[in-house]
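Observations on the three-dimensional arrangement
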Amino acid sequence: MISLEFLKDVEVFKGLSGDQLTAVQACCQKREFKQDAKLFGEGEPTGHRWIVLEGQVDLRCELPGSVPSEENTISSVSAGGAIGWSCFVSPYQYRLSGYCASGQCELIRIGKERIIRLFELDTGLGYVVMSNMAAVLSVEDLIACRMRLQGSGASMP
Amino acid sequence: MVELEFMKNVEIFKGVTDSHLAGIHDFCTEKIYRYAHRLFAEGDKAYYLWIVKEGSVDLRYDPPGGGTSEKNTISSISTQKTFGWSNLVPPYKYRLSAYCANESCRIIRIEKNQLLKLFGQNSKIGYVMMSNLTEIVGVRYHQLQDSAWVSPHAGVKISVHMATCGIAAGAREVMNALMDEMAKTDRLDIRIMTAGCIGMCDKGPNVTVEIEGEGSVIYQKVTPDKMCRIFNNHILKGTIETDLVLT
């Protein structure tokens, strides 16, 4: 069982009441992975959202023909971090591959269909979680904006 | 005059019922802007959500201290599309500047406070619209990511550790400062990453700098000002900021 104490500190669940966190808790499954295990692959359908409980997950860009390695790591996610917002965004496929990068990783897996049902039953909960997710995504979006300018060689003073 | 029929086809209202849409319609005002007029600037308080009715709007990153230029356009927003979403997410400040990109643009503005009040009264509308917003931001993020894919073999890697503990300590502000510094350089061999917690939560926010052939340096208790120092001295000049290194 995932503790409510842990869930309340997860960024996308901030602001939920005790009862709402208990409802989210019921959608959570704990999964363990050994070092180098692949959690999901780039391009696969996104059926789940993941939250790291322990250890570190590397998100890697699978270059065609190359062997997956740390060199291809785009970002690393550790305890409390969430992965898989693509499950709410068309075309609902993972954009990167996820690998267990520490001796052992323990993750929470939340089924997309189940959590959406919960959002529809309790739209107040859905509103809070989606607002938090939009806030997290908007930061990522900003980073991508700046990187795009850098990559495009736009004029900078 | 904002027509209800037009609003039904706007992406952020997908799934909102006609009766709820009629309620939102009351908060909408329509304005016309001329070419190159700035609708809002990066950093301004975000009072409105905006929808393009006619014409197109360029969203630009105007670097600090610099003027605007079409080269700095991040994306162009066309009819029925929404922009200025920052009014719905903290810290409620616009992250980019918006300019009318046609001879004239017809734009719908929706007041943020009225929208948030409505969401508070009716969470179903809030849930539907925030779900749509997540999808809109996510799709744009995917597009930007595709066009900005940076080589994973860059000679310099800067990782901002943005786990929950890092964010609570100010890692987001550090990332923003780093991005501002990046915007001022034309170096293409620098790759910025987000990374997880390194287990030293009381010494966060942490930033790791890895320069090819030189090993890695972890900095502790980084603030936006310290990030600027690290970038300008360590990354650009090769001098490690020893007093900021994690001990």
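Being a predicted model, the structure only gives us computed values, none of them experimental.

Structural notes on the overall build of chain A
- Each helix and strand counted, chain A has four helices and eight strands in total.
- Of the regular secondary structure in chain A, the N- to C-terminal order runs α-α-β-β-β-β-β-β-β-β-α-α.
- Looking at chain A residue by residue over its 157 residues, the buried ones come to 50%.
- Across chain A, the fraction of contacts at a sequence separation of at least 24, relative to all contacts at a separation of at least 6, is 74%.

Describing the overall build of chain B
- From N to C terminus, chain B includes seven helices and twelve strands.
- Dimensions along the principal axes, computed over C-alpha positions, put chain B at roughly 60 × 40 × 30 Å.
- Nonlocal contacts in chain B, meaning residues at least 24 apart in sequence, comprise 72% of its contacts between residues at least 6 apart.

Describing the sheet that holds strand β5 (residues 73–77) of chain B
All names here are of chain B.
- A sheet is described by the order of its strands in space; here four strands give the open sequence β2-β7-β4-β5, paired in antiparallel fashion. Each end of this open sheet is capped by a strand with a single partner; those strands are β2 (38–40) and β5. Neighbouring strand axes in the sheet, compared pairwise and without regard to direction, differ in orientation by 30° on average.
- Looking at chain direction, strand β4 (residues 57–60) and strand β7 (residues 97–100) are connected through four bridges and run antiparallel. The residue bridging V57 from the neighbouring strand is C100, located in β7.

Some points on the pairing of strand β12 (residues 215–219) of chain B
All names here are of chain B.
- Sheet analysis places strand β11 (residues 207–211) next to β12, joined by five bridges and oriented antiparallel. Looking at the pairing, I211 lines up with G215 of β12.
- Between the end of β11 and the start of β12, which pair antiparallel, lie three residues, with G213 showing a positive phi angle near 85°.

Some thoughts on the environment of T82 of chain B
All names here are of chain B.
- Note that T82 resides in strand β6 (residues 82–83).
- Of the residues examined, T82 has 20 C-beta atoms within 10 Å and is grouped as buried.
- Considered as a pair, T82 and K53 are 29 residues apart in the sequence and their alpha carbons are 9.7 Å apart.
- Once you skip the residues sitting within four places of it in the chain, T82 turns out to touch V10, E11, I12, L49, W50, I51 and I136.

Considering the nonpolar core
- One finds V57 and A134 of chain A together with V57 and L178 of chain B to be the most contacted residues of the largest nonpolar core, which totals 115 residues.
- With ten residues, the single largest contributor to this core is helix α4 (residues 123–152) of chain A.
- No fewer than three residues from each of domain 1 (4–147) and domain 2 (156–244) of chain B sit in this core.
- Excluding residues that lie within four positions of it along the chain, A134 of chain A makes contacts with L88, V89, M130, L133, T134 and V137 of chain B.

Section: the domain arrangement of chain B
- Each assigned domain of chain B is listed with its residue range as follows: domain 1 (4–147) and domain 2 (156–244).
- Here the C-alpha centre of domain 2 of chain B lies 32 Å away from the C-alpha centre of domain 1 of chain B.

Comments concerning the confidence of the model for chain A
- The predicted model of chain A has a mean per-residue pLDDT of 83, with 82% of residues at 70 or higher.
- Every residue in residues 152–157 of chain A scores below 50 in pLDDT, and together they form 13 contacts with partners more than four places removed in sequence or on other chains.

Section: unusual backbone geometry
Residue and element names in this part refer to chain B.
- Between G204 and P205 the backbone carries a cis peptide bond, its omega angle lying at -5°.
- As for its placement among the helices and strands, P205 is situated in the loop between β10 (190–195) and β11.
- Backbone geometry at A36 places phi at a positive 75°, although glycine is not the residue there.
- Topologically, A36 is positioned in the loop between β1 (28–34) and β2.
- Classification of A36 as exposed rests on a count of 12 C-beta atoms within 10 Å.
- A positive phi is found at Y92, a non-glycine position, where the angle reads about 55°.
- Relative to the helices and strands, Y92 resides in the loop between β6 and β7.

Brief notes about the confidence of the model for chain B
- With 93% of its residues at a pLDDT of 70 or more, chain B has an overall mean of 86.
- For this predicted complex, the interface confidence comes out at an ipTM of 0.81, alongside a pTM of 0.72.

Some remarks on the sheet that holds strand β6 (residues 82–83) of chain A
All names here are of chain A.
- Strands sit in the order β1-β8-β3-β6 across an open sheet of four strands; the sheet is antiparallel. The open sheet has two edge strands, β1 (28–34) and β6, and neither has a second partner.
- Across six bridges, the pairing between strand β3 (residues 48–54) and strand β8 (residues 104–111) is antiparallel. In the strand pairing of β8, E54 is matched with E106.
- Docked against the sheet, helix α3 (residues 112–121) engages β3 and β8, running at close to 50° with respect to β8.

What counts and what doesn't
- Throughout, residues of each chain are indexed from 1 in the direction in which the sequence is written.
- Whichever chain is written first is A, and whichever ligand is written first is 1; the rest continue in order.
- With pLDDT at 70 or above as the cut-off, local features in this predicted model cover only qualifying residues; side-chain atom pairs require 80 or more to be listed or tallied, and sums for whole chains, interfaces and linings still use all residues.
- Only DSSP runs of H or I covering at least 4 residues are called helices, and only runs of E covering at least 2 are called strands; the numbering of each starts at the N terminus.
- For the exposure call, what matters is how many other C-beta atoms sit within 10 Å of a residue's own: 20 or more marks it buried, 12 or fewer exposed, and in between partly exposed, using C-beta atoms placed from the backbone.
- Once C-beta atoms have been placed from the backbone, residue pairs whose C-beta atoms lie within 7 Å are recorded as contacts.
- Think of it this way: DSSP has to see at least two bridges between two strands before they count as a pair.
- Here an angle of 0 to 180 degrees is reported between the N-to-C directions of two axes, which are lines fitted to C-alpha atoms, with helices fitted over the stretch in contact.
- For this analysis, nonpolar core means a set of buried Ala, Val, Leu, Ile, Met, Phe, Trp, Tyr and Cys residues linked through C-beta atoms within 7 Å.
- Where each domain starts and ends comes from a domain assignment, either automatic or drawn from a database.
- In predicted models, pLDDT denotes the confidence assigned by the predictor to each residue on a 0 to 100 scale.

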